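The chain contents come next:
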Amino acid sequence: MLDKRYDFKEIEKGKVKKWKESGYFKAGDTSKLPFSMVIPPPNVTGVLHIGHAIDNTFQDIIARYKKAKGFDVLYLPGVDHAGIATQAKVDAKLKEEGTDRFKIGRENFLKEAFKWKEEKSDIIHSQWEKMGIMIDYSRERFTLDEGFQDAVYKVFKTLYDEGLIYRGERIVNYDPEMKTALSNIEIVYKEDKGHFYYFKYRFVDEPTKYLEIATTRPETMFGDTCIVVNPNDERYKDIIGKKVINPANNEVIPVIADEYVDIEFGTGAMKCTPAHDPNDFIIGQKYNLPHPIIMNVDGTMNENCGKYASMDRFVCREALLKDIKEHDDLIKIEEITHQVGHSERSDAVVEPILSKQWFVKMKPLADRVLENQKSENKVKFYPERFENVLTRWLSNIDDWCISRQLWWGHRIPVWYKNGSEEMVVSRTCPGKEDEWKQDEDVLDTWFSSALWPFATLGWPKETDDFKRYFPTSCLVTGYDIIFFWVSRMIFQSLHFTNNIPFKDVVIHGLVRDSLGRKMSKSLGNGVDPVAVIDKYGTDSLRYFLATTAAPGLDMRYSEEKVQAANAYLNKIWNSARFALMNLPNDYKFEEMDFASLNEVDKFIISRLNETILKVTNAMEKYEFGIACQILHSFVYDDFCDFYLEMCKVTLQNDSFNKKSTYYTLFKSLKSIILMIYPFAPFISEEIYLSLSEHKDSIMLESYPNSESNISFDESNVLFVKNVIEKIRSYKVDNSLAPNQKISLKIKTNKNISSLISYIERFTFASNIELTSEERHDLTSLVINDGIIYIDDNISKEEKLNKLNLQLENINKEIKRSEALLNNEKFLAKAKKEKVDEEKEKYQKYKEKKEILEEKIKNI
RNA sequence: GGAUGUUUAGCUCAGCUGGGAGAGCAUCGCCUUUACACGGCGGAGGUCAGAGGUUCGAGCCCUCUAACAUCCACCA
């Protein structure tokens, strides 16, 4: 028997261990159809946050649902080495220990990093267990494991041979703190306060005159190679071709003309720094200008900056300003707010610097995705609109900078021959060790993540898993990594497996704090899922996440809602207790013919049947919020508030068929817990195992089916329900205690003789009589299909008032109905059922009206 | 500058292909009736942002407007 209290701590204890040991999480039953999913591998940077919780909850709901639906479900776990993020953490740890990676060397650094990975993986494992997700631990992968080494090499080599990977000099964004190049999407633009500095660039032939040039980054002036004006700019027509002096280093540079310059912006004259600005770089190439690099990758000035060399870029800026001011070449400083690129990871202001990096040529790969999205075999997005996010980005994409000046990651498999231009793609040294040197850099972490859905299944080997589970069925992730990850998986998968990586992508939003702010470390407003679990239980957290998240929309964390989830589960718990208390201990479930059931049993079975159908439909569309809503309404309104209360009568009254009620209780309860199970597996398992008849685990059960052959006329039961509700509100209206005894007569053509004991119990009525005669002496409540007479000794006047009130309401309804039915277009164009329904209502209103008028007359 | 999303009860939000507005919390009244006070019963509270349009019928479809949010691209 279940405890009185829903004690989630007690219930959730030990279940995952049991599930894991029993092998229920393991995929591989080839007698079933496969359904596969990969976990978005969390970074081994730290603990999981609420964002992971929502990901994993959605996935686990799908996994458990599909398993119950009869699929061989593979839910494959793993972790991501997360190059730059993890390296930053390990760097910080080394710094704390008073050393750094350069002191200990590459090999030792990697040892440290792997140690770090092991530690963090352990934490992640324990958190997965807390979440109760049914991942197949036997298939866990890591983006740096041996299989991945094979996959990454194969991809790099192939793309290189196809000319889709190249090495080139480009302006790339540098993170001066991490000292590595970044890809475009690793830059976060923020609105920062800055300055616009106006300088005098004096003419060589006439030093009293000057051009006014503005810049936000004076330190880059050391890299200026010319001034550019628009050829159509009347102000500057005469100075094109003249020479001016760069006030930073007194170098003489020419004024050239190019239409790129916006006449309206700033002074209309722009300094050009080809090695430190992407647009300037293009101009530089066009006019074959020199492109001096004036900064080091750590953000310090280099030897091209004279006395400013080795200064930090911002220190240099101030020093340079001071000097220029002294030479009277500073005109003014304006305060501005502008968008400044920051490194996504370190938050440092990124610095565009010309350098040699490896790139993936994106256009052919992107085009293939765009082409495929027009075909039958496209990746389906839920909600659909996120497909546009993907395609728009891919339609206008830059090449992908994949080299990172880091140590933690897949090292670029390219070897350079000393003192020559020769390079070879190879995993191992292609010749004598002292003649060849491997590229120092590693690949962008997303380069390996992009292979996740197929590399985890064994690719490039044609393994059984790969053959059986690829393409995967579904991917669940947040919209924030569509570019980083989803898109890259799709193009790599199409290119290398000729197939999409997953059929469906389910996109959810971000979890924000209770004030709607993004959770961030600096705000300290993050919600720790483990803390929530400790306080309210995994099931409550899961239910909260599943029901609060509308597809693709952000949600706010709300402790109240977690509490509400907990209260709901408590309700289910107690309804189960009630059912189990009333079922015989040795109850054996046997199917029963629907026709042989008691009336209220038929009612609830029929409602249950509808609920199963609706819930299943919602589940198939990944509409978890809707599924839960439907189930919630069934559990409360139909099952608990109505049916279980009715059972209290049924089970104590020998005139009812108890077998029917046992059957109905058992079947309803079992169906409810099976439907709530994907959302709240722990409580469901606990209740399931308390059933008098059960398997070893709810994980072995099948999802309930809705039966198509059940049809039931609810009207008798609804009439009874209506009577009970009307009497209850009558009592409140008349300040009667709920348990006040009253005497009722009911006139109806409904067949409710078998249901009278229910009315008695719930209205505290004695002497309920079914009558066929009109009673004008009693208070009358005219309801659908009948009249309730209450013997309450109130005055004639009051009786009349009550009747008039009822009449007023009916007249309103009749007016509404008539308006509709007199509208010929409605009759002609609306669906037939709709019209019939309205006509039927109209008839009932008319009947009620007649009765009421008759009564008023007779009083 | 381009795109997308949001605007529904006091608060936080659902509302799936158009057919008489829902939940949770809060609130008011009554009830400790042996499943549940993490409860029950009853109630109050919404011209569904605004303006047009399509339709017999619009919270839902179309157009425009406003506010807010997010993403992308950014002029030195």
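Rules behind the numbers
- Residues numbered from 1 in each chain as written.
- Chains lettered and ligands numbered in written order.
- Predicted model: local features only at pLDDT ≥ 70, side-chain atom pairs only at ≥ 80, totals over all residues.
- Heavy atoms only, no water.
- Pairing = 2+ DSSP bridges.
- Helix = DSSP H or I, 4+ residues; strand = E, 2+ residues; numbered from the N terminus.
- Axes fitted to C-alpha atoms, helices over the stretch in contact; angles between N-to-C directions.
- Contact = heavy atoms within 4.5 Å.
- Parallel < 35°, antiparallel > 145°, perpendicular 65-115°, else oblique.
- Left-handed = near helix turned anticlockwise from the far one by under 90°.
- Nonpolar A, V, L, I, M, F, W, Y, C, P; charged D, E, K, R; others polar.
- Buried < 20%, exposed > 50% of the residue type's maximum accessible area, 1.4 Å probe, protein only.
- Core = buried A, V, L, I, M, F, W, Y, C linked by side-chain atoms within 4.5 Å.
- Arc of directions from axis to C-beta.
- Polar contact = N/O pair within 3.5 Å; in protein donor to acceptor, adjacent residues only side chain to side chain.
- 1 Å grid on protein atoms, 1.4 Å probe; cavity = no way out; pocket = protein on both sides within 12 Å on 5 of 7 lines; lining within 4 Å.
- Points joined across faces, edges and corners; volume = space filled by probe spheres on them.

So what exactly am I meant to see when it comes to the sheet that holds strand β18 (residues 414-417) here?
Backbone-to-backbone hydrogen bonds join strands into a sheet, with any given pair of strands oriented parallel or antiparallel. Pairing is antiparallel in the open sheet, where 3 strands are placed in the order β19-β18-β20. Unpaired on one side and paired on the other, β19 (423-425) and β20 (436-438) mark the two borders of the sheet. For this sheet, the mean angle separating the axes of adjacent strands, direction not counted, is 30 degrees. Inspection of the sheet shows β18 paired to β20 by 3 bridges, in the antiparallel sense. Each residue of the ladder has a partner; that of Y416, found in β20, is K437. The strands that helix α6 (residues 146-161) touches are β18 and β19; relative to β19, the one it contacts most, it runs at about 130 degrees.

Even after reading the chapter, I still don't get the packing of helix α15 (residues 529-536) against helix α17 (residues 559-582), so can you show me in this structure?
Any two packed helices are characterised by how steeply their axes cross, that is the angle between the axes, and by the distance between the axes. Running from amino to carboxyl end, α15 crosses α17 at an angle of 40 degrees, the nearest separation of the two axes being 11 Å. On the basis of their axis angle, the class for α15 and α17 is oblique. Here α15 runs over α17; the crossing is right-handed. Residue-level contacts link V532, K535 and Y536 of α15 to E559, V562, Q563 and N566 of α17. Along the lines of polarity and charge, the residues of the contact of α15 with α17 split into 3 nonpolar, 2 polar and 2 charged.

What exactly am I supposed to notice about the sheet that holds strand β6 (residues 180-182) here?
A sheet is described by the order of its strands in space; here 4 strands give the open sequence β6-β5-β14-β16, paired in antiparallel fashion. Edge positions in the sheet fall to β6 and β16 (400-401), since each has one partner strand and no second.

Looking at this structure, how should I read the side chain of E714?
Secondary-structure assignment places E714 in the loop between α21 (681-690) and α22 (715-733). Judged by relative accessible area, which is 15%, E714 ranks as buried.

How should I be thinking about the nonpolar core in this particular structure?
Most often, soluble globular proteins have nonpolar side chains that are buried together. Membership of the largest hydrophobic core comes to 142 residues, with the highest contact counts inside it found for L545, M619, F624, F679, I687 and L744. At 14 residues, the largest contribution of residues to this core is made by helix α19 (residues 624-650). Once residues within four sequence positions are removed from consideration, F679 is found in contact with I61, D539, R542, Y543, A546, M619, F624, A627 and C628.

So what exactly am I meant to see when it comes to the pairing of strand β28 (residues 779-783) here?
With respect to burial, β28 is a largely interior element, 5 of its 5 residues being buried. The alternating pattern of β28 places T779, L781 and I783 on one face and S780 and V782 on the opposite face, and all of these are buried. Pairing geometry for β28 and strand β29 (residues 786-790), over 5 bridges, is antiparallel. Counted as the bridge partner of S780 is Y789 from β29. Hairpin geometry of β28 and β29 is characterised by an intervening segment of 2 residues between the two adjacent antiparallel strands and by a positive phi of about 65 degrees at D785.

Would you take a moment to explain α15 for this structure?
An α-helical turn contains 3.6 residues, so a residue and the one three or four places further along point in the same direction. Taken together, the buried positions of α15 are P529, V532, I533 and Y536. Angular distribution of buried residues about the axis of α15 spans 100 degrees; they occupy a single face of the element. Its buried side turned inward, α15 meets α1 (8-12), α3 (50-68), α5 (101-131), α16 (538-548) and α17. By the N-cap criterion, in which a side-chain oxygen at the helix start approaches the backbone nitrogen of a residue two or three places on, α15 is capped by D528, the distance to V530 being 3.0 Å. Positive backbone phi, at 100 degrees, marks G537, one or two positions downstream of α15.

Where do I start with empty space enclosed by the protein in this structure?
Taking a probe equal in size to a water molecule and rolling it over the atoms shows the remaining empty space. Tallying each qualifying case throughout the model produces 3 cavities of 30 Å³ or more. In this model, the largest cavity occupies a volume close to 90 Å³. Lining the largest cavity are N43, D80, A82, I84, A85, E186, E344, R345, T445 and W446. Looking at the lining of the largest cavity, the elements with two or more residues in it are α4 (83-96) and α11 (445-449). Computed from the structure, the second largest cavity encloses a volume of approximately 60 Å³. Looking at the second largest cavity, the residues that line it are L48, H49, H52, A53, N56, Q127, K130, M131, P529, V530 and I533. Of all the secondary-structure elements, those providing two or more residues to the lining of the second largest cavity are α3, α5 and α15. A per-class count over the lining of the second largest cavity returns 6 nonpolar, 4 polar and 1 charged.

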